Amino acid sequence: MLSEGILGIVTGIITSGILYLAKLFFDTKITPYLREIRYQGVKIDGAWSGKNDESESRLFLDQSAHELSGTFTIKYKNEQRESVLDFRVRGYMWEGYITLNFIPKDRRVTSYATTLLKLHDGGHLLIGQWCFRNVQTEQVETWPLSLGRETQKAN
């Protein structure tokens, strides 16, 4: 009787583990795949870049339906300072508007940012505002941000 009880407990634990792994696989592989093949909207994944008087930036996006992730690098230079910041990016796109949140790759950096961008020029430009924490002034600042889609050159 004791061995049957232990066998039942072990079987229950193993079954729970198998069901957990099946759900994890379904949530991380099957659901995103189904969402991706059903998505009929614009694709904005790939490389985007922009430049102005004081900064140069590059955004690389991966897209799964409406969800976005990727990396962002900004090179900033003025009379007082020159710096390069690298961010991890997560966001969402809905009806031509893109919201992105930026978290520094280097956890010693505390300058977080967010953007709201609009898709323009037939999907070749992202135009909007970049809102970030300025670590020198401890203020929230907003800069205009314009990024153009980088085109692949034929060999």
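Just so we're clear, the structure is a prediction, and the values are computed from it rather than from any experiment.

Peer 1: Summarise the packing of aromatic side chains; cite the residues concerned and give the values.
Peer 2: Under the definition given, this model contains ten aromatic pairs. Measuring from ring centre to ring centre gives 4.9 Å for Phe72 and Phe102, while their planes differ by 70°; the resulting arrangement is edge-to-face. Here Phe102 lies in strand S5 (residues 97-104) and Phe72 lies in strand S3 (residues 67-77), a separation of 30 residues in the sequence. Neither residue differs from the other here; Phe72 and Phe102 are each classed as buried. Relative to Trp143, the ring of Tyr76 lies with its centre 5.3 Å away and its plane at 25°, an arrangement referred to as stacked. Separated by 67 residues along the polypeptide, Tyr76 in strand S3 and Trp143 in strand S8 (residues 139-149) bring together distant segments of the chain. Members of the aromatic cluster, each reached through a chain of ring pairs, are Phe72, Tyr76, Phe87, Phe102, Trp130, Phe132 and Trp143.

Peer 1: I'd love a proper account of the pattern of salt bridges, names of residues and values included.
Peer 2: Applying the stated criterion to the full structure yields four salt bridges. Note that Asp106 and Arg108 form a salt bridge whose closest N and O atoms lie 3.0 Å from each other. Classification of Asp106 as partly exposed rests on a relative accessible area of 30%. Residue classification places Arg108 among the exposed residues on the basis of a relative accessible area of 73%.

The rules behind these values
Residues numbered from 1 in each chain as written. Predicted model: local features only at pLDDT ≥ 70, side-chain atom pairs only at ≥ 80, totals over all residues. Heavy atoms only, no water. Phe/Tyr/Trp six-rings, centres within 6.5 Å; stacked < 30°, edge-to-face > 60°. Helix = DSSP H or I, 4+ residues; strand = E, 2+ residues; numbered from the N terminus. Buried < 20%, exposed > 50% of the residue type's maximum accessible area, 1.4 Å probe, protein only. Salt bridge = Lys/Arg side-chain N within 4 Å of Asp/Glu carboxyl O.

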